[in-house]
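Next come the chains, spelled out residue by residue.
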Amino acid sequence: MPVRWRAPGRVNLIGEHTDYNDGFVLPFAIEQGTTATVDTRTDGRVAVASTQRPEPVEVAVDTFRPGTGSWADYALGVLWALRRRGVDLPGLTISIDSDVPVGSGLSSSAALVCSVATAVDALLGLELSADDLLAVTRSAENDFVGAPTGGMDQLASLRSEAGHALFCDMRTLATEQVPFDLGDLTLLVIDTRAEHRHADGEYRRRREGCERAARQLGVPALRDIDAAGLQSALARLDDDELRRFTRHIVTENERVLQTVAALRAGELAELGPLLTASHVSMRDDFRITGPELDCAVDALLGVGALGARMTGGGFGGCVIGLVETRTADTALAAVQTAFADRAFGSPQAFAAVPSGGAHRLAS
Ligand code: ADP
Ligand code: MG
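A quick note: this is a predicted structure, and the numbers were derived from the prediction, not measured.

### Describing the overall build of the protein
And then number 1: Helix and strand counts for the protein stand at 10 helices and 12 strands.
And then number 2: Its C-alpha radius of gyration of 20 Å places the protein within 12% of the 21 Å reference for a compact globule of 363 residues.
And then number 3: Seen through its principal axes, the protein has C-alpha atoms that stretch 60 × 50 × 40 Å.
And then number 4: In the protein, which comprises 363 residues, the share counted as buried stands at 56%.
And then number 5: Put simply, of all contacts in the protein between residues at least 6 apart along the chain, 72% involve residues at least 24 apart.
And then number 6: In the form shown here, the protein has an accessible surface area of approximately 14300 Å², with 48% of it arising from carbon and sulfur atoms.
And then number 7: Taking the average location of the 34 positive side-chain charges in the protein and that of its 49 negative ones, the two points are 4 Å from each other.

### Some words on the site of ligand 1
And then number 1: Around ligand 1 there are 18 residues in total, and S50, G103, G105, S108 and S109 lie nearest to it.
And then number 2: Within the side chain of S50, one N or O atom sits 2.6 Å away from a nitrogen atom of ligand 1.
And then number 3: Note that an oxygen atom of ligand 1 is positioned 2.6 Å from one of the side-chain N or O atoms of S108.
And then number 4: With the chains in place, 85% of the 560 Å² that ligand 1 exposes on its own is no longer accessible.
And then number 5: Of all elements in the fold, only strand 5 (91–98) and helix 2 (108–124) reach the threshold of two or more residues within the shell around ligand 1.
And then number 6: Among the elements that make up the shell around ligand 1, the one with the highest residue count is helix 2 (3 residues).

### Quick notes on the pattern of salt bridges
And then number 1: Scanning all chains against the criterion turns up 22 salt bridges.
And then number 2: The partner of E16 in a salt bridge is R309, and the shortest N-O contact between them spans 2.5 Å. Taken as a pair, E16 in the loop between strand 1 (3–14) and strand 2 (24–41) and R309 in strand 9 (residues 307–311) lie far apart in primary sequence, 293 residues in all. Across the pair, exposure class does not vary: E16 and R309 are buried alike.
And then number 3: E176 is paired through a salt bridge with R264; the nearest N and O atoms lie 2.4 Å apart. In this pair, E176 sits in strand 7 (residues 174–179) while R264 sits in helix 7 (residues 240–264), placing the two residues 88 residues apart along the sequence.
And then number 4: One salt-bridge network, in which partners are shared between bridges, spans E16, E252, R255 and R309.

The rules behind each value
Residues numbered from 1 in each chain as written. Chains lettered and ligands numbered in written order. Predicted model: local features only at pLDDT ≥ 70, side-chain atom pairs only at ≥ 80, totals over all residues. Heavy atoms only, no water. Helix = DSSP H or I, 4+ residues; strand = E, 2+ residues; numbered from the N terminus. Rg over C-alpha atoms; globule rule 2.2 N^0.38 Å. Buried < 20%, exposed > 50% of the residue type's maximum accessible area, 1.4 Å probe, protein only. Contact = heavy atoms within 4.5 Å. Areas by Shrake-Rupley, 256 points an atom, 1.4 Å probe, with all protein chains shown as cover. Lys, Arg positive; Asp, Glu negative; His and termini not counted. Charge placed at Lys NZ, Arg CZ, Asp CG, Glu CD. Near = heavy atom within 4 Å. Polar contact = N/O pair within 3.5 Å; in protein donor to acceptor, adjacent residues only side chain to side chain. Salt bridge = Lys/Arg side-chain N within 4 Å of Asp/Glu carboxyl O.

So this is what it looks like as structure tokens:
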């Protein structure tokens, strides 16, 4: 009998580039997700097909190697990571279908690896622990595909609960469910359709810069600098870029903690200024925004959004805007007009619904 699991994409509410600094992030799963239908086969081969890709891929179960560059690497990477943990794999048929926009910073990649991992776990009765599932899905993306993601995406896709955001401490990988009830507010997600280059040199430059700054400051990671220690830390750094990177990470960690506190207090409106401050920090200090992202944020704020920021790795992808529900259409129209005025591509939008993590579907 085939087994089907669905794993969601995610929006990161706040906490950008803090993950690889051992810091805090606050993602939540969205309704959009990826479904993996898996079944065993007797010929020792693995066949992977996706409704979103024209070409299925078929390989022998014991032959595939990392880094071929095919989309199927995300699914094969899960099997490879399982095999490295001693799982004896039979031949498998894996069928993928998804409504997560691909490559928009909403983690279609994590939705894919998490749907495959949870489905194969159930099909083969592996009973992997939550930590093992996280390790396997991370390894699939990091070690097999070669995408330098920090683990937040897989955590959010595996562990989110409906109506909650997932507060993650990326040093300990401890997670806490934080009630996220939007009430009469709407969190608009605007996919700017601008190219995001998550795994390229800009990402590496920041990752290495943050590591260099931590070394200069004599701490294991920038997580270990708190808001009170920021000014003295900045004075000890020898480079303006490292100072900017450090200021972003330290203030962003602080904003995550403040956002968690506001959500726990049910003070949704307090999120607005935190989101906007996060965007300004990413624009001016971390320098990972771009014309489309800044334009969308400015347009949202210009029509009275409570707050707005880019979300995801940067340089493209999505913007989130916290708006009163009755003004959501006006806010979206303002972004569309601003994009048309600047001859940017046509943005796509939806209202985010904090949703549950990976779960089994009826076969
Ligand atoms: P994001 O995770 O933000 O969507 P990534 O660049 O990390 O962007 O991952 C996108 C890649 O994941 C795609 O280029 C493709 O290789 C793979 N992928 C994601 N979803 C699917 C799908 N439904 N079918 C096939 N490949 C997919
Ligand atoms: Mg991804």
